[in-house]
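Topology and contacts: notes
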Amino acid sequence: MKLQVHETLKDIPADDWNRLNETNNPFLCYQFLKALEESSCIGRHSGWLPQYLTLESENTLTGIAPLFLKSHSYGEYIFDWAWANAYEQAGLQYYPKLIAAVPFTPVTGPRLLVKNDKNAYLARQALIQGALQHAQTLKVSSLHWLFIPEPQLAELIQQQHMRRIGYQFHWHNQNYRDFDEFLAGFSAHKRKKVKRERRYVKEAGIHMQVVEGKDITAGMWNQFYAFHHATIRYRGATPYLNAEFFRALGQTMPESVVLIVAKQGGETVATALNLRNEHTLFGRYWGCRDNFHSLHFETCYYRAIDYCIEQGLQTFEAGAQGEHKLSRGFLPTPTYSAHWLSHVTFSSAVADFLKRERNGIEFYMDELNEHSPFKQTGD
């Protein structure tokens, strides 16, 4: 077996990469990462330097780990700023660090892409060992695997990594026939609240349109980006993604793109961009022109749930965090990351922190479930 590090996707054939993306996760497909690279959203100047780790066996690509050399912790959604501050206070350098992730994307997916056959376990082990060796060669402070599926977490723990738990709010389809059947499972108070929010949007004369794939015109992409960029700026945040990136998505992976458009009097007033595969819808980016009552909920959540029911999709992941999603039918779901720190003393301190943090998060998720909008047994 041969391990190799690549600083650009140009060194890796697209078909070989996508063949190993067996879950068809849209964020792990070659075209998504290529769009990030060619639009300069990632690269040396951005603090996201690709270090794609590949594994070859008999001249065949058998494994990939999407690694990045980071000079900061922006765009990761699993926060380690306190760790970086502690390093700095001790007179040590936390950056650069090495991470396995999809840039700017808090979506769970495999970070060890291998063919699911009899050699899969050995291939994953080789990639983990290769990533650790690369981290040590670079003399970075740490190696982090972000938003990984639980089975891969277990394999990383076996190889010197520490577990970290987080949570998101996901919607799950119980084979609903329509939105009303979904709402029928709510308590009366929560059901009335959702119906009232949807009514506000209708009373404002706003109607929703779902546009998919190649039906999304250049004008729609321009309008979406203008809204998205303005919304990011309004919040005082930094826009990680540019218009060129979004246009590339529409051109190279249209089958994965779902745009929800809100119109009032024939004029577009808000848009929400989602990606999808065969079983999951992923809510990602949105923007609006004005502040309409409940329009965010309708555009980003309710119409997307309608779409999932119509399409038979089983899960809707509406993005990171957001307790306000709970009352709208999104339930807390654990997320996982794995971490290796080169400094023994700091590694021990972080392990202790992670244990206490995990207990707190598990307790909080139990508490959140007790406030689910769904009817309790006996109601």
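Residues numbered from 1 in each chain as written. Predicted model: local features only at pLDDT ≥ 70, side-chain atom pairs only at ≥ 80, totals over all residues. Heavy atoms only, no water.

Two elements in contact, helix H3 (residues 81-89) and helix H11 (residues 344-370), have axes separated by 12 Å at closest approach and are oriented at 150 degrees. Taken together, the axes of H3 and H11 lie roughly antiparallel to each other. The two elements H3 and H11 meet at a crossing, and its hand is right-handed. Contacts from Trp83, Ala86 and Tyr87 in H3 reach Phe346, Val350, Phe353 and Leu354 in H11. Looking at the contact of H3 with H11 residue by residue, the class counts come to seven nonpolar, no polar and no charged. (Axes fitted to C-alpha atoms, helices over the stretch in contact; angles between N-to-C directions. Helix = DSSP H or I, 4+ residues; strand = E, 2+ residues; numbered from the N terminus. Parallel < 35°, antiparallel > 145°, perpendicular 65-115°, else oblique. Left-handed = near helix turned anticlockwise from the far one by under 90°. Contact = heavy atoms within 4.5 Å. Nonpolar A, V, L, I, M, F, W, Y, C, P; charged D, E, K, R; others polar.)

Quick look at the sheet that holds strand E7 (residues 113-114) now. Here we have four strands laid out as an open sheet, ordered E1-E3-E4-E7, and antiparallel in their pairing. Edge positions in the sheet fall to strand E1 (2-6) and E7, since each has one partner strand and no second. The sheet contact formed by strand E3 (residues 52-57) and strand E4 (residues 60-65) spans five bridges and is antiparallel. Bridge assignment links Ser57 to a residue of E4, and that residue is Thr60. Helix-sheet contacts for helix H4 (residues 120-138) involve E1, E3, E4 and E7, and the interaxial angle to E3 is about 135 degrees. (Pairing = 2+ DSSP bridges.)

Turning our attention to the sheet that holds strand E2 (residues 48-50). Taken together, the 11 strands give an open sheet; going across it, the order is E2-E5-E6-E8-E15-E9-E14-E13-E12-E11-E10, and neighbouring strands pair in mixed fashion. With one partner strand each, in any of the chains shown, E2 and strand E10 (206-212) form the two edges of the open sheet. Strand-to-strand twist of the sheet, defined as the mean angle between neighbouring strand axes without regard to direction, takes the value 30 degrees. Sheet strands in contact with helix H5 (residues 150-157) are strand E8 (142-145), strand E9 (162-172) and strand E15 (331-341), and its direction is about 25 degrees off that of E15.

Here the focus is the nonpolar core. The biggest cluster of nonpolar side chains holds 47 residues, and the ones touching the most others in it are Trp17, Phe32, Leu36, Phe245, Phe246 and Leu273. Sorting the residues of this core by element identifies helix H1 (14-20), helix H2 (30-38), E4, helix H8 (218-234), helix H9 (243-252), strand E11 (257-264), strand E12 (267-276) and strand E13 (280-288) as the ones contributing at least two each. Each residue touching Phe245, except ones within four places of it in the same chain, is listed here: Phe32, Ala35, Leu36, Ser39 and Cys41. Ranked by size, the runner-up nonpolar core spans 37 residues in total, among them Trp171, Val201, Met208 and Leu368. (Core = buried A, V, L, I, M, F, W, Y, C linked by side-chain atoms within 4.5 Å. Buried < 20%, exposed > 50% of the residue type's maximum accessible area, 1.4 Å probe, protein only.)

Scanning the model with the defined rule gives 32 aromatic pairs in all. Members of the aromatic cluster, joined through ring pairs, are Phe27, Phe32, Trp221, Phe224, Tyr225, Phe245, Phe246, Phe282 and Tyr285. Above the plane of the ring of Trp48 lies Lys70, whose end atom (NZ or CZ) is 3.9 Å from the centre. The lysine or arginine in question, Arg284, covers the ring of Tyr285, its NZ or CZ lying 5.0 Å from the ring centre. (Phe/Tyr/Trp six-rings, centres within 6.5 Å; stacked < 30°, edge-to-face > 60°. Lys NZ or Arg CZ within 6 Å of the ring centre and 35° of its normal.)

Here we come to H8. Over its 17 residues, H8 runs 24 Å from end to end, which matches the ideal 24 Å to within 8%, given 1.5 Å per residue. Regarding H8, the residues found buried are Trp221, Phe224, Tyr225, Phe227, His228, Thr231 and Ile232. One side of H8 holds all its buried residues, which, seen down the axis, span an arc of 165 degrees. Along H8, the residues that are exposed and aim more than 90 degrees away from the buried face are Ala218, Arg233 and Tyr234. Buried residues along H8 sit against H9, E11, E12 and E13. One or two positions beyond H8, positive phi appears at Gly236, with a value near 75 degrees. (Expected span 1.5 Å × (residues − 1). Arc of directions from axis to C-beta.)

Glancing now at the pattern of salt bridges. Using the criterion set out here, one finds 17 salt bridges in the structure. The salt bridge partner of Asp306 is Arg198, with a shortest N-O separation of 2.7 Å. Of this pair, Asp306 sits in helix H10 (residues 295-311) while Arg198 sits in helix H7 (residues 188-203); the two residues are 108 residues apart in sequence, bridging distant segments of the chain. Arg198 shares its class with Asp306; the two are buried. Residue Arg289 pairs with Glu267 through a salt bridge whose shortest N-O separation is 2.6 Å. Of this pair, Arg289 sits in the loop between E13 and H10 while Glu267 sits in strand E12, and the two are 22 residues apart along the sequence. Take Glu267: its relative accessible area is 42%, and that puts it in the partly exposed class. Among the ionic contacts, a cluster of salt bridges with common partners joins Lys70, Glu76, Asp80 and Lys97. (Salt bridge = Lys/Arg side-chain N within 4 Å of Asp/Glu carboxyl O.)

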